[in-house]
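Structural characterization, general
Residue strings, one per chain:
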Amino acid sequence: MANSYYDPADLRKFGKITEWSEDIGNKFFEYYGKVFEEGALSAREKSLIALAVAHVVKCPYCIDAYTKDGLQRGITKEEMMEAVHAGAAIESGATLVHGVQMMNKYNKLSM
Amino acid sequence: MEESILPQIKKAAKKSLKARDGELASINKQMDILNGGIFADGELPYFKDKIAEIGHFPLRPKKLEILQINVGYMCNQVCEHCHVDAGPDRKEIMTRETMELCLEVIRNTGAHTLDLTGGAPEMNPNFRWFVEEAAKAGIQDFIVRSNLTIIRANKKYYDLPQFFKKHNVHVVSSMPHYTRGKTDKQRGDGVFDKSIKALQELNAVGYGMPGSDLRLDLVYNPSGAFLPGDQAAMERDFKKALDEDFGIQFHNLFAITNLPISRFLDYLVASENYEDYMYALVEAYNPSAVANVMCTNTISVSWDGWLYDCDFNQMLELKVASKVKHIKDYNEDVLNDRNIVISQHCYGCTAGAGSSCQGTVA
């Protein structure tokens, strides 16, 4: 066993999750592959969405994977950083919008 | 001033690996890396075993279609990814005598494409004479791989677009990205602006214009340790950006995978990306690309007349496995009856949609 929770080399082994549960593992990868195909959104746009979400869910594997994917698609670093900000803005907005709940509660409890 | 936590952007090198006496200027050292490590440990399969699975070992040529001639390793640029290790300090230049031998072959070959490369082929002092003579052979597709900046490097090259047009040369040029930063990082400061100017000049004489017979194609190599994306999607992005920003037109974009040899291998090792890159190549291995890899329809000739299965093998000094090894003894039938020399760098040509000097193959 490694001495840390995250090992970059583990990303290469992602496909092995099917070994312990073949059917649903394969179904997941089939779904995953389908999601990122060209559709109403381009594969390029989806790659940027994935990069933003990767940051929001703080998945180091996904950040590595979608930074590389972006480079392969010719996505610039400015586009990548803007995508990260879009994710961060939603995440901080999600915190801040709860401020309304705080305000409501405060007002309710106050005379 | 506070120091950035990020590493400083490395400037493109000014000298070839050979001139820097870099460890990987040694072919043996490169072959040790390609044959040892993760392959010798059995972590990744040897290319030979991979193609044997689908009955393609030994790899054999099909009909010869492309004669690729490297007229010298001298170049005005020192690109970080260059598999030739080309640069201003390289003195290996094809002589007129060797060119005469090549012309004899060009006049008699069954190949439909002649492909001149380098270095910067235009820097060979006999380049124009060679093009004029070769054009007379009436070969169907006559390619010159021009790095673009050479057209703006010195007054004596300013008329190259006209010269290419006069001889109906098909120009294939490298352009790593449509933004300044990525291009200059890979190829050196100022390369982007000069390349844009050169493309505009090629357009001005008719190259690359929609419907024009004067073919202008661009080559895209990833500027780092990653594989090229989908060629058609990249072409769309390049066309849109170059047209909108600079009014530039071109015909096709060839997405070429960087092969792990020479300066690119040096970069991979130094940046600790080598293993990940090899994993990526092997994972992206596409069996259907194997049948069409370029060594099955190409012969590569070096500046000193030796024959190779491809320009990459030339740089690894892996000569053809044939009785005919030099242009002076050229015999197409004998040459075509050979086994192609392979190693682990060949995974670069079978990854994803495949890769060749003409772009994807699968």
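A brief report on the enclosed structure follows.

Observations regarding the overall build of chain A
Across its full length, chain A holds 4 helices and 0 strands. If you list the helices and strands of chain A from N to C, you get α-α-α-α. For 111 residues, the compact-globule formula gives about 13 Å, and the C-alpha radius of gyration of chain A, at 19 Å, lies well above that figure. Sequence separation of 24 or more characterises 56% of the internal contacts of chain A that already satisfy a separation of 6 or more.

Section: the overall build of chain B
Summing up its helical and strand segments, chain B has 16 helices and 8 strands in all. For 362 residues, the compact-globule estimate of 2.2 N^0.38 gives 21 Å, and chain B sits close to it at 20 Å. Each principal axis of the C-alpha atoms in chain B carries an extent, and together these give about 65 × 55 × 40 Å. Here chain B holds 362 residues, and the buried ones make up 52% of them. Sequence separation of at least 24 residues holds for 75% of the intrachain contacts in chain B that already meet a minimum separation of 6.

Re the nonpolar core
Residue and element names in this part refer to chain B. Ranked by internal contacts, the top residues of the largest apolar core, which has 112 residues, are Leu 67, Val 171 and Tyr 220. Element by element, the count of residues in this core is highest for helix 10 (residues 191–204), at 6 residues. Apart from the residues lying within four places of it in its own chain, the contact partners of Val 171 are Val 144, Ser 146, Phe 164, Leu 202, Tyr 207, Arg 215 and Leu 216.

Some thoughts on the sheet that holds strand 2 (residues 113–117) of chain B
Residues and elements named next belong to chain B. Strand order in the open sheet formed by 8 strands is 6-5-4-3-2-1-7-8, and the pairing between neighbours is mixed. The sheet terminates laterally at strand 6 (253–255) and strand 8 (307–308), the two strands that pair on one side only. Here helix 11 (residues 231–246) sits on the sheet and contacts strand 5 (216–220) and strand 6; the angle it forms with strand 6, its principal contact strand, is near 135 degrees.

Some points on the interface of chain B and chain A
Every contact between the two is made by 12 residues of chain B and, on the other side, 8 residues of chain A. A per-element tally of the side of chain B that touches chain A places helix 11 of chain B first, with 3 residues. Looking at the side of chain B that touches chain A residue by residue, the class counts come to 7 nonpolar, 4 polar and 1 charged.

Quick notes on the packing of helix 2 (residues 43–56) of chain A against helix 4 (residues 77–109) of chain A
All names here are of chain A. It is the contact of helix 2 with helix 4, at a shortest axis distance of 8 Å, that shows an interaxial angle of 50 degrees. Taken together, the axis directions place helix 2 and helix 4 in an arrangement best described as oblique. For the pair helix 2 and helix 4, the crossing hand works out as right-handed. Residues Leu 48, Leu 51, Ala 52, Val 53, His 55 and Val 56 of helix 2 form the contact with helix 4, whose participating residues are Glu 79, Met 80, Ala 83, Val 84, Ala 86, Gly 87, Ala 88 and Glu 91. Of the residues contributing to the contact of helix 2 with helix 4, the split by class is 10 nonpolar, 2 polar and 2 charged.

Observations regarding unusual backbone geometry
Residue and element names in this part refer to chain B. Pro 58 follows Phe 57 through a cis peptide bond whose omega is -5 degrees. As for its position among the elements, Pro 58 is in the loop between helix 4 (47–52) and strand 1 (66–70). Cis rather than trans, the peptide bond between Gly 118 and Gly 119 has omega equal to 20 degrees. When you line up the elements, Gly 119 lands in the loop between strand 2 and helix 6 (127–136). Backbone geometry at Glu 272 places phi at a positive 55 degrees, although glycine is not the residue there. In this structure, Glu 272 sits in the loop between helix 12 (262–270) and helix 13 (274–283). Despite not being glycine, Glu 317 shows a phi value in the positive range, around 55 degrees. Its location among the elements puts Glu 317 in the loop between helix 15 (311–315) and helix 16 (332–336).

Considering the pairing of strand 7 (residues 298–301) of chain B
Residues and elements named next belong to chain B. Across the two faces of strand 7 the burial is the same, with Thr 298 and Ser 300 and Ile 299 and Val 301 all buried. In the sheet, strand 1 pairs with strand 7 via 4 bridges, with the strands oriented parallel. Bridge pairing in strand 7 places Leu 67 opposite Ile 299. Direction of pairing for strand 7 relative to strand 8: antiparallel, over a ladder of 2 bridges. In the strand pairing of strand 8, Ser 300 is matched with Tyr 308. What sits between strand 7 and strand 8 in their antiparallel hairpin is a turn of 5 residues, with Gly 305 showing a positive phi close to 90 degrees.

Thoughts on helix 2 of chain A
Residues and elements named next belong to chain A. When the terminal C-alpha atoms of helix 2 are compared, their 20 Å separation across 14 residues agrees well with the 20 Å that a helix rising 1.5 Å per residue should span. Of all the positions in helix 2, only Ser 47, Leu 48, Leu 51, Ala 52 and Ala 54 are classed as buried. In an axial view of helix 2, the angular spread of the buried residues amounts to 155 degrees, which keeps them on one side of the axis. The elements touched by buried residues of helix 2 are helix 3 (60–72) and helix 4.

Cut-offs and rules
Residues numbered from 1 in each chain as written. Chains lettered and ligands numbered in written order. Predicted model: local features only at pLDDT ≥ 70, side-chain atom pairs only at ≥ 80, totals over all residues. Helix = DSSP H or I, 4+ residues; strand = E, 2+ residues; numbered from the N terminus. Rg over C-alpha atoms; globule rule 2.2 N^0.38 Å. Contact = placed C-beta atoms within 7 Å. Buried ≥ 20, exposed ≤ 12 C-beta atoms within 10 Å, placed from the backbone. Core = buried A, V, L, I, M, F, W, Y, C linked by C-beta atoms within 7 Å. Pairing = 2+ DSSP bridges. Axes fitted to C-alpha atoms, helices over the stretch in contact; angles between N-to-C directions. Nonpolar A, V, L, I, M, F, W, Y, C, P; charged D, E, K, R; others polar. Parallel < 35°, antiparallel > 145°, perpendicular 65-115°, else oblique. Left-handed = near helix turned anticlockwise from the far one by under 90°. Expected span 1.5 Å × (residues − 1). Arc of directions from axis to C-beta.

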